[in-house]
Amino acid sequence: MYQMVALEDVDAALADRNLTRRGCLTEACIKELGRVFNAVYVVAGNVDKIGETYSLDIRIIEVETGTIIKMGNHRITGGIDPVLAQLRDITAELLRPWV
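Residues numbered from 1 in each chain as written. Predicted model: local features only at pLDDT ≥ 70, side-chain atom pairs only at ≥ 80, totals over all residues. Heavy atoms only, no water.

Asks: Any chance you could explain helix H2 (residues 27-36) here in plain terms?
Replies: Helical geometry: 3.6 residues make up each α-helical turn, so side chains three or four residues apart lie on a common side. Every buried residue of H2 is listed here: Cys29, Ile30, Lys31, Leu33 and Gly34. Residues of H2 that are buried in the fold lie against helix H1 (7-15), strand S1 (41-50) and strand S2 (53-62). Positive phi shows up at Asn38, right after H2, with a value of about 55 degrees. (Buried < 20%, exposed > 50% of the residue type's maximum accessible area, 1.4 Å probe, protein only. Helix = DSSP H or I, 4+ residues; strand = E, 2+ residues; numbered from the N terminus. Contact = heavy atoms within 4.5 Å.)

Asks: Mind showing me how you'd approach empty space enclosed by the protein here?
Replies: Per the stated rule, a full pass over the model turns up 1 cavity of 30 Å³ or more. Here the largest cavity is characterised by a volume of approximately 40 Å³. Elements that contribute at least two residues to the lining of the largest cavity include exactly H1 and H2. Sorting elements by how many residues they give to the lining of the largest cavity places H2 first, with 4 residues. Residue composition of the lining of the largest cavity, by class: 6 nonpolar, no polar and 2 charged. (1 Å grid on protein atoms, 1.4 Å probe; cavity = no way out; pocket = protein on both sides within 12 Å on 5 of 7 lines; lining within 4 Å. Points joined across faces, edges and corners; volume = space filled by probe spheres on them. Nonpolar A, V, L, I, M, F, W, Y, C, P; charged D, E, K, R; others polar.)

Asks: Looking at this structure, I do not really get the pairing of S1. What am I missing?
Replies: Within a regular beta strand, the side chains point alternately toward one face of the sheet and then the other, so they alternate between its two faces. Sheet analysis places S1 next to S2, joined by 10 bridges and oriented antiparallel. By the bridge assignment for S2, Ile50 is matched with Thr53. Following S1, the chain reverses through 2 residues before pairing antiparallel with S2; Gly51 in that reversal takes a positive phi of roughly 65 degrees. (Pairing = 2+ DSSP bridges.)

Asks: Would you mind going over the environment of Ile76 with me for this structure?
Replies: Note that Ile76 resides in strand S3 (residues 68-77). Beyond its immediate stretch of four places on either side in the chain, Ile76 contacts Glu52, Thr53, Tyr54, Leu56, Pro82, Val83, Gln86 and Ile90.

Asks: When you look at the nonpolar core in this model, what are you seeing that I'm missing?
Replies: Core analysis: the largest hydrophobic core is formed by 11 residues, namely Val10, Ala13, Leu14, Cys24, Cys29, Ile30, Leu33, Val42, Ala44, Ile61 and Val63. For this core, the secondary-structure elements that each account for two or more residues are H1, H2 and S1. The residues contacting Val63, other than those within four sequence positions of it, are Lys31, Gly34, Arg35, Ala39, Val40, Tyr41 and Val42. Grouped together as the second largest cluster of nonpolar side chains are 9 residues, Tyr54, Ile58, Ile60 and Leu94 included. (Core = buried A, V, L, I, M, F, W, Y, C linked by side-chain atoms within 4.5 Å.)

Asks: Would you explain helix H3 (residues 80-95) in this entry?
Replies: The end-to-end C-alpha separation of H3 is 23 Å, in line with the 22 Å expected for 16 residues at 1.5 Å each. Of all the bends found along H3, the most pronounced is centred on Gln86 and spans about 30 degrees. Those residues of H3 that fall on the buried side of the exposure criterion are Val83, Ile90, Leu94 and Leu95. Looking at the buried side of H3, the elements it contacts are S1, S2 and S3. (Expected span 1.5 Å × (residues − 1). Bend = angle between axes of the 7 residues up to and from the residue.)

Pasting the structure below:
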(Lines give C-alpha, C1' and ligand atoms only; values in the text may rest on other atoms or scores of the structure.)
Protein backbone atom coordinates (compact mmCIF):
# COMPACT_ATOMS: atom_id res chain seq x y z
CA MET A 1 0.00 0.00 0.00
CA TYR A 2 1.29 3.44 -0.78
CA GLN A 3 0.08 6.95 -0.11
CA MET A 4 0.53 9.89 -2.42
CA VAL A 5 1.50 13.26 -0.95
CA ALA A 6 0.04 16.37 -2.55
CA LEU A 7 2.57 18.66 -4.23
CA GLU A 8 1.29 21.51 -2.07
CA ASP A 9 2.30 19.55 1.04
CA VAL A 10 5.71 18.76 -0.44
CA ASP A 11 6.22 22.42 -1.35
CA ALA A 12 5.21 23.53 2.16
CA ALA A 13 7.61 21.06 3.79
CA LEU A 14 10.42 22.21 1.52
CA ALA A 15 9.61 25.89 2.08
CA ASP A 16 9.94 25.30 5.85
CA ARG A 17 13.54 24.28 5.06
CA ASN A 18 14.15 27.12 2.56
CA LEU A 19 14.18 24.64 -0.36
CA THR A 20 12.21 24.09 -3.55
CA ARG A 21 11.49 20.93 -5.53
CA ARG A 22 14.19 21.97 -7.99
CA GLY A 23 16.63 22.36 -5.12
CA CYS A 24 15.85 18.99 -3.51
CA LEU A 25 17.87 16.68 -5.72
CA THR A 26 20.46 15.45 -3.25
CA GLU A 27 20.22 12.21 -1.31
CA ALA A 28 20.22 14.15 1.97
CA CYS A 29 17.30 16.37 0.91
CA ILE A 30 15.24 13.46 -0.39
CA LYS A 31 15.86 11.49 2.82
CA GLU A 32 14.85 14.49 4.95
CA LEU A 33 11.68 14.99 2.93
CA GLY A 34 10.84 11.29 3.34
CA ARG A 35 11.30 11.59 7.11
CA VAL A 36 8.97 14.62 7.24
CA PHE A 37 6.19 12.45 5.81
CA ASN A 38 7.15 9.29 7.75
CA ALA A 39 7.80 7.55 4.44
CA VAL A 40 9.64 4.29 4.01
CA TYR A 41 10.24 4.98 0.32
CA VAL A 42 10.23 8.09 -1.85
CA VAL A 43 9.68 8.20 -5.61
CA ALA A 44 11.88 10.91 -7.11
CA GLY A 45 12.95 11.81 -10.58
CA ASN A 46 13.54 14.37 -13.23
CA VAL A 47 12.62 15.16 -16.81
CA ASP A 48 15.15 16.59 -19.23
CA LYS A 49 14.61 17.69 -22.82
CA ILE A 50 17.14 17.72 -25.62
CA GLY A 51 15.65 18.76 -28.94
CA GLU A 52 12.38 16.83 -29.25
CA THR A 53 13.51 13.98 -26.97
CA TYR A 54 12.53 13.83 -23.33
CA SER A 55 14.51 11.77 -20.85
CA LEU A 56 12.66 10.57 -17.73
CA ASP A 57 14.73 9.30 -14.81
CA ILE A 58 12.64 7.93 -11.97
CA ARG A 59 13.88 6.14 -8.87
CA ILE A 60 12.51 4.62 -5.70
CA ILE A 61 14.66 5.51 -2.71
CA GLU A 62 14.62 3.86 0.72
CA VAL A 63 14.41 6.80 3.12
CA GLU A 64 16.34 5.29 6.03
CA THR A 65 19.43 4.32 4.03
CA GLY A 66 19.16 6.52 0.94
CA THR A 67 19.55 3.38 -1.18
CA ILE A 68 18.05 3.40 -4.66
CA ILE A 69 15.81 0.34 -4.63
CA LYS A 70 14.68 0.53 -8.23
CA MET A 71 15.16 2.94 -11.10
CA GLY A 72 13.98 3.49 -14.60
CA ASN A 73 15.17 5.61 -17.48
CA HIS A 74 12.98 6.24 -20.47
CA ARG A 75 13.42 8.31 -23.60
CA ILE A 76 10.37 9.59 -25.40
CA THR A 77 10.39 11.53 -28.67
CA GLY A 78 7.71 14.00 -29.61
CA GLY A 79 5.87 16.66 -27.69
CA ILE A 80 4.99 16.70 -24.02
CA ASP A 81 1.75 14.75 -24.59
CA PRO A 82 3.48 11.38 -25.12
CA VAL A 83 5.58 12.03 -22.00
CA LEU A 84 2.53 12.71 -19.87
CA ALA A 85 0.73 9.71 -21.35
CA GLN A 86 3.60 7.36 -20.45
CA LEU A 87 4.60 8.87 -17.11
CA ARG A 88 1.81 7.13 -15.21
CA ASP A 89 2.64 3.76 -16.81
CA ILE A 90 6.36 4.13 -16.10
CA THR A 91 5.72 4.98 -12.45
CA ALA A 92 3.23 2.12 -12.09
CA GLU A 93 5.82 -0.27 -13.54
CA LEU A 94 8.36 0.83 -10.91
CA LEU A 95 5.82 0.52 -8.10
CA ARG A 96 4.48 -2.87 -9.24
CA PRO A 97 6.11 -4.92 -6.43
CA TRP A 98 4.43 -2.73 -3.81
CA VAL A 99 0.99 -2.21 -5.32
